[in-house]
Amino acid sequence: METIGVGAVTGLYGVSKISNAILIDSVEVFNNIKRGIEKIISEREGITGFRAIAGRQSDVDLIVVQIPPYPQAVAEAVSELYMFGVRNVIMISRGYRLSKKVPISSVLVANGAIGRDTLSKRISGEGLPLLASQRMASGFKNLVEIRFSDFKWIYGFTVSVPSPRIRWIAGELKDLLGKRGVYAVDSMTATLYALQYEFQKLEALSLLTLSRAYTHPVTSIMPSFDELASLREKEVRLESVLYMAAVELFKQLERRSL
């Protein structure tokens with residue numbers, strides 16, 4: 001049953017008629033969406049690191065939430081959104097290329113996740129597959145192969161860890177290096193997919209931009225401001241396109257349900 005009230009995490013209020021949500025891990029992308037969205041119904045700042053907009057884009061009612069890039073942030077945001085009536089969630093975030101075969105600036109459509117983040121297994125339990133909604137994954141694949149054929153789309157698995165940016169995580173990934181079908185490492189997809197066991201009407205899909213490489217461990221130092229700015233610009237450009245693709249997928253899914 002949907003809940004009317006104030007969200008302690010997102011700050012949103014009374015948005016229970018909206019069933020679609022997009023999670024964003026980038027301040028720049030969220031700001032771009034805010035500037036370009038056709039109609040804003042509600043705009044709120046939640047707890048530290050969370051901002052949310054309820055609005056309308058291309059005839060689709062949706063909620064866009066900026067979240068910090070950590071597993072617990074996904075669980076907090078999605079749990080609250082589900083109580084508000086959200087049933088379809090697409091997450092657009094940044095991952096790291098785990099395989100040398102993955103081209104730079106590819107996008108991983110995460111068919112599934114390997115949970116090494118401690119939180120996902122607490123949600124779903126041990127041994128259960130953490131998979132994308134098949135309805136959303138297949139719909140997205142059909143959409144982008146027609147409408148966004150210029151992009152480098154990869155379909156496979158990501159490994160989710162507490163954070164790929166700290167050196168103590170490297171040991172968790174040794175057995176997965178070079179494994180067929182495992183292309184990326186991130187911090188949020190496994191938790192998102194595990195929540196589908198907790199909330200039975202939830203359908204979820206994770207899209208990862210792969211502009212960065214995982215280098216055992218990821219370095220926190222960039223050679224220059226210019227290189228960092230260039231990398232961020234690429235990621236923002238990719239994530240902004242993914243936002244429009246996500247909106248188009250929501251529109252198609254709504255047409256099919258009529």
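Residues numbered from 1 in each chain as written. Predicted model: local features only at pLDDT ≥ 70, side-chain atom pairs only at ≥ 80, totals over all residues. Heavy atoms only, no water.

> Can you help me understand the packing of aromatic side chains in this one?
Each aromatic ring pair is characterised by the separation of its centres together with the angle its planes make. Counted under the stated rule, the structure contains three aromatic pairs. Where Phe140 meets Trp153, the ring centres are 5.6 Å apart and the plane angle is 80°; that geometry is what we call edge-to-face. Remark: Trp153 occurs in strand E8 (residues 153–160) and Phe140 occurs in helix H4 (residues 134–147); sequence separation between them is 13 residues. With respect to class, Phe140 is no different from Trp153; both count as buried. (Phe/Tyr/Trp six-rings, centres within 6.5 Å; stacked < 30°, edge-to-face > 60°. Helix = DSSP H or I, 4+ residues; strand = E, 2+ residues; numbered from the N terminus. Buried < 20%, exposed > 50% of the residue type's maximum accessible area, 1.4 Å probe, protein only.)

> Explanation requested: the packing of H4 against helix H6 (residues 225–257) in the structure shown.
Angle between the axes and distance between the axes are the two parameters that describe a pair of packed helices. Viewed as axis vectors pointing N to C, H4 and H6 meet at an angle of 120°, and their least axial separation amounts to 10 Å. Between H4 and H6, the interaxial angle falls into the category oblique. Viewed along their axes, H4 and H6 form a crossing whose handedness is right-handed. Of the residues in H6, those touching H4 at Arg135, Met136, Gly139, Phe140, Leu143 and Arg147 are Leu242, Ala245, Ala246, Glu248, Leu249, Phe250, Gln252, Leu253 and Arg256. When grouped by side-chain class, the residues that make up the contact of H4 with H6 number nine nonpolar, two polar and four charged. (Axes fitted to C-alpha atoms, helices over the stretch in contact; angles between N-to-C directions. Parallel < 35°, antiparallel > 145°, perpendicular 65-115°, else oblique. Left-handed = near helix turned anticlockwise from the far one by under 90°. Contact = heavy atoms within 4.5 Å. Nonpolar A, V, L, I, M, F, W, Y, C, P; charged D, E, K, R; others polar.)

> Can you help me understand the pattern of salt bridges in this one?
Side chains that carry opposite charge are capable of pairing whenever their charged atoms lie near each other. Applying the stated criterion to the full structure yields 11 salt bridges. Through salt bridges with shared partners, a single ionic network connects Asp25, Arg94, Arg212, Glu235 and Glu239. (Salt bridge = Lys/Arg side-chain N within 4 Å of Asp/Glu carboxyl O.)

> Explanation requested: helix H1 (residues 27–36) in the structure shown.
Residues spaced three or four apart along an α-helix point in a common direction, a consequence of the helix completing one turn every 3.6 residues. Among the residues of H1, those classed as buried are Val29, Phe30 and Ile33. Down the axis of H1, the buried set is contained in an arc of 100°. They therefore lie on one face. As for H1, its buried residues are in contact with strand E1 (20–24), strand E3 (51–57), strand E4 (60–66) and H6. (Arc of directions from axis to C-beta.)

> Even after reading the chapter, I still don't get the nonpolar core, so can you show me in this structure?
Within soluble globular proteins, side chains that are nonpolar generally end up buried alongside one another. Counting residues in hydrophobic clusters, the biggest one holds 74 residues, and the most contacted among them are Leu23, Ile63, Phe140 and Leu205. By residue number, the principal contributor to this core is H6, which donates 10 residues. For Ile63, the contacting residues outside a window of four places in its chain are Leu12, Val15, Ile18, Asn20, Ala21, Ile22, Ile53, Ala54, Leu81 and Val86. If you look at the next biggest cluster of nonpolar residues, it comprises 11 residues, including Tyr96, Val161, Leu173 and Leu176. (Core = buried A, V, L, I, M, F, W, Y, C linked by side-chain atoms within 4.5 Å.)

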